[in-house]
Amino acid sequence: MLYPSEWQALWLTVKLALLSSFLLLLLTAPLAWWLSRGQSSGRNAINALLTLPLVLPPTVLGFYLVLLLSPDSWFSQLLRLMGIEALAFRFEGLVLASMLYSLPFVVQPLQQGFGQIAQDLLQQSQALGANRWQLVAQLIWPLSRPALFSAFILSFAHTLGEFGIVLMIGGNIPGQTQLLSMLIYDQVESLNYARAHLLSGLLLLFSFSVLFWLYQQQRGPQQRVQQQRNQQ
Amino acid sequence: MRGLKLVFTALIFSCSTNAAQLIAAASDLRLVLPVLLQQYQAKTGVSINAVFASSGKLSQQIQHGAPFSLFLAADSLYTNNLLQHCSPKQRCQTGVYGHGQLLIWYHHRFQTAEQALAQSHHIAIADPSHAPYGKAALAYLQQHSLRPELQAKIRRSDNAALVLHMLSTGQAEVGLIGHALMPAAQLQQLLPQSQQQQLQLLQKLGQTEVVPAHLYPPILHSWFYQADPKQPDIKAFLDWMQAAEQQQFWTDAGFKREHN
């Protein structure tokens, strides 16, 4: 039913969504924790910076990323010193672009989730002898699982539908940076409406199924969190 | 949760696909170039992929490091610009492979192109800021006696190929397109069935005329080549596509040797 190029585009799309979402969770969780633990001008400035990708058009971010990632930029020269090729028009460049573009979709739910963990709960646990790792593993992680799920779901869904920024950074190269959204656009341009319909329907069905499954997975942790709160 | 971890691990270590040999091409070649690439593959066994966009966009991408060894542009302005920015070790070259022709398509309810321009509501052209056929279309419309009225009717698409899409979906009753997007009948028969059907539908809905060459500036289709050791077969394809045996293909695709 699908041609090899279409399977490739689907695979690249899923790979990009999963990779960028996981990496974002790992890298932004400490930042989201710090942001949730108080109020200050510094925190507000960082929050504003992190929210920028939400309000800016993708072309603005794409434009600056193209300049940053192109082979002659200072950033690419630095990467070259470390033995890494320039990221423009490569899958790795798409991962970086997607992470930046989905940043607010991860940081904000995490920040809100961490903010609901009461400070006195942490202090009581420490007073009872819990070390930092025990706090994270036995208190913070279970209580923030719903927020982590929400952040992952939002980032994953957002990345599945990306088009403008990945087109600017990736160049729509078959087998390397051509995502399903770009392939659909290609089919429309080529007057292959039947294939465009098929791929659009596939993306719609796939996105719905994955999101539905993820929300189903989230129900268990949410119920456990609610039970723990009731016991407190 | 365990399943997610397994999937993630598989993703991290999944092998990347082999980089295929790539060329970049102006959007007006979107229908006909895949036919030529298939013929080349049938003859030599070498598979080459093409990426299509407006010439201006592709030129910018190449300047920023896009991995295209060959660029088939619809305007020598872009290829000459790339040549100027080329370093000696890239061993860049440019050349011309034909003059493009502009076609005007108009809906059957109009008797003539003049009537269509005067009475239609929307005229579709490619965006002149980065599409050479859009520039040529705008130049043609600006010379027209109805210039002020026509200006308000213009609808710009991102590139030449999308003008066809606008016409086939009824978003415009008149369109100015490259001839390669409505090639000769013998070349249309080599296109995929879905494309043939759409072109036949457009031919039923309206008619096309070649715009006289003196009414728009030359559309000089030129190529830009830079040596890339990872794409060793591109130069051979470039030489093959310009050989005398392929001249009929380019004629059927609407290209001429001179702008007249």
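Residues numbered from 1 in each chain as written. Chains lettered and ligands numbered in written order. Predicted model: local features only at pLDDT ≥ 70, side-chain atom pairs only at ≥ 80, totals over all residues. Heavy atoms only, no water.

Student: Where do I start with the packing of aromatic side chains in this structure?
Tutor: Each aromatic ring pair is summarised here by two numbers: the centre-to-centre distance and the angle between the ring planes. Within the structure shown, the criterion is met by 14 aromatic pairs over all chains. When the centroid spacing of 5.1 Å and the interplanar angle of 55° are considered together, the rings of Tyr 97 of chain B and Trp 250 of chain B count as tilted. Taken together, the positions of Tyr 97 of chain B in strand E4 (residues 93–100) and Trp 250 of chain B in helix H12 (residues 247–252) put the pair 153 residues apart, joining distant regions of the chain. The buried category is assigned to Tyr 97 of chain B, whose relative accessible area is 12%. According to the relative accessible area criterion, Trp 250 of chain B is buried, its value standing at 3%. Put simply, the rings of Tyr 97, Phe 249, Trp 250 and Phe 255 of chain B touch in pairs and so form one group of aromatic residues. Over the ring of Trp 33 of chain A we find Arg 37 of chain A, and its NZ or CZ is 4.3 Å from the ring centre. Above the plane of the ring of Trp 34 of chain A lies Arg 43 of chain A, whose end atom (NZ or CZ) is 4.3 Å from the centre. (Phe/Tyr/Trp six-rings, centres within 6.5 Å; stacked < 30°, edge-to-face > 60°. Helix = DSSP H or I, 4+ residues; strand = E, 2+ residues; numbered from the N terminus. Buried < 20%, exposed > 50% of the residue type's maximum accessible area, 1.4 Å probe, protein only. Lys NZ or Arg CZ within 6 Å of the ring centre and 35° of its normal.)

Student: What exactly am I supposed to notice about the interface of chain B and chain A here?
Tutor: How big an interface is tends to be stated in terms of the accessible area lost upon association of its parts. In this complex, chain B contributes 34 residues to the contact, which on the side of chain A involves 31 residues. Across the contact surface, chain B and chain A share two salt bridges. At the level of secondary structure, the elements contributing two or more residues to the side of chain B that touches chain A comprise helix H1 (2–12), strand E2 (48–53), helix H8 (160–168) and helix H10 (193–205) of chain B. Classifying every residue of the side of chain B that touches chain A by side-chain character gives 18 nonpolar, 13 polar and three charged. (Contact = heavy atoms within 4.5 Å. Salt bridge = Lys/Arg side-chain N within 4 Å of Asp/Glu carboxyl O. Nonpolar A, V, L, I, M, F, W, Y, C, P; charged D, E, K, R; others polar.)

Student: It is not clear to me how the environment of Val 211 of chain B should be interpreted in this structure. Could you clarify?
Tutor: Residue and element names in this part refer to chain B. As for its placement among the helices and strands, Val 211 is situated in the loop between strand E9 (206–210) and strand E10 (219–225). Assessed through its relative accessible area of 3%, Val 211 is described here as buried. For the pair formed by Val 211 and Gln 247, sequence separation is 36 residues and the distance between their alpha carbons is 22 Å. Apart from residues no more than four positions distant in its own chain, Val 211 is found in contact with Leu 102, Leu 103, Ile 104, Tyr 140, Leu 176 and Tyr 216.

Student: Before we go on, may I ask you to explain the sheet that holds strand E1 (residues 21–26) of chain B in this structure?
Tutor: Whether parallel or antiparallel, the strands of a sheet pair through hydrogen bonds between backbone atoms. All names here are of chain B. Read from one edge of the open sheet, five strands run E2-E1-E3-E10-E4, paired in mixed fashion. Of all strands in the sheet, those with a lone pairing partner are E2 and E4, marking the two edges. Strand-to-strand twist across the sheet, computed as the mean angle between neighbouring axes with direction ignored, equals 20°. Pairing analysis gives six bridges linking E1 to E2, with the strands arranged parallel. Each residue of the ladder has a partner; that of Gln 21, found in E2, is Ile 48. Across the face of the sheet, helix H2 (residues 33–44) comes into contact with E1, E2 and strand E3 (70–73) while running at roughly 170° to E2. In the packing of helix H4 (residues 76–84) onto the sheet, the strands contacted are E3, E4 and E10, and the crossing angle to E10 comes to about 30°. (Pairing = 2+ DSSP bridges. Axes fitted to C-alpha atoms, helices over the stretch in contact; angles between N-to-C directions.)

Student: What is the right way to look at the domain arrangement of chain B in this model?
Tutor: Residue and element names in this part refer to chain B. By domain assignment, chain B separates into domain 1 (16–99 + 219–256) and domain 2 (102–215). Taking only C-alpha atoms, the centre of domain 1 and the centre of domain 2 are 25 Å apart. Taken together, the contact between domain 1 and domain 2 spans 23 residues of the former and 23 residues of the latter. In this assembly, domain 1 packs against domain 2 so that about 1,900 Å² is buried in total across both faces, 67% of it on carbon and sulfur atoms. Our enumeration of links across domain 1 and domain 2 arrives at two salt bridges. Asp 158 is the partner of Lys 57 in a salt bridge, and the nearest nitrogen-oxygen pair spans 2.8 Å. (Domains from an automatic or database assignment. Buried area = accessible area lost by both parts, 1.4 Å probe.)

Student: How should the sheet that holds strand E5 (residues 102–107) of chain B be read in this particular structure?
Tutor: All names here are of chain B. Read from one edge of the open sheet, five strands run E7-E6-E8-E5-E9, paired in mixed fashion. Where the open sheet ends on each side, the last strands, each with one partner, are strand E7 (154–157) and E9. Sheet twist, expressed as the mean angle between neighbouring strand axes with direction ignored, is 25°. Across two bridges, strand E6 (residues 123–126) lies against strand E8 (residues 174–178) in parallel orientation. Bridge pairing links Ile 123 to Val 174 in E8. Sitting on the sheet, helix H6 (residues 132–143) touches E5, E6, E7 and E8, and the angle it makes with E6 is about 135°. Sitting on the sheet, H10 is in contact with E5 and E9, with an inclination near 90° to E9.

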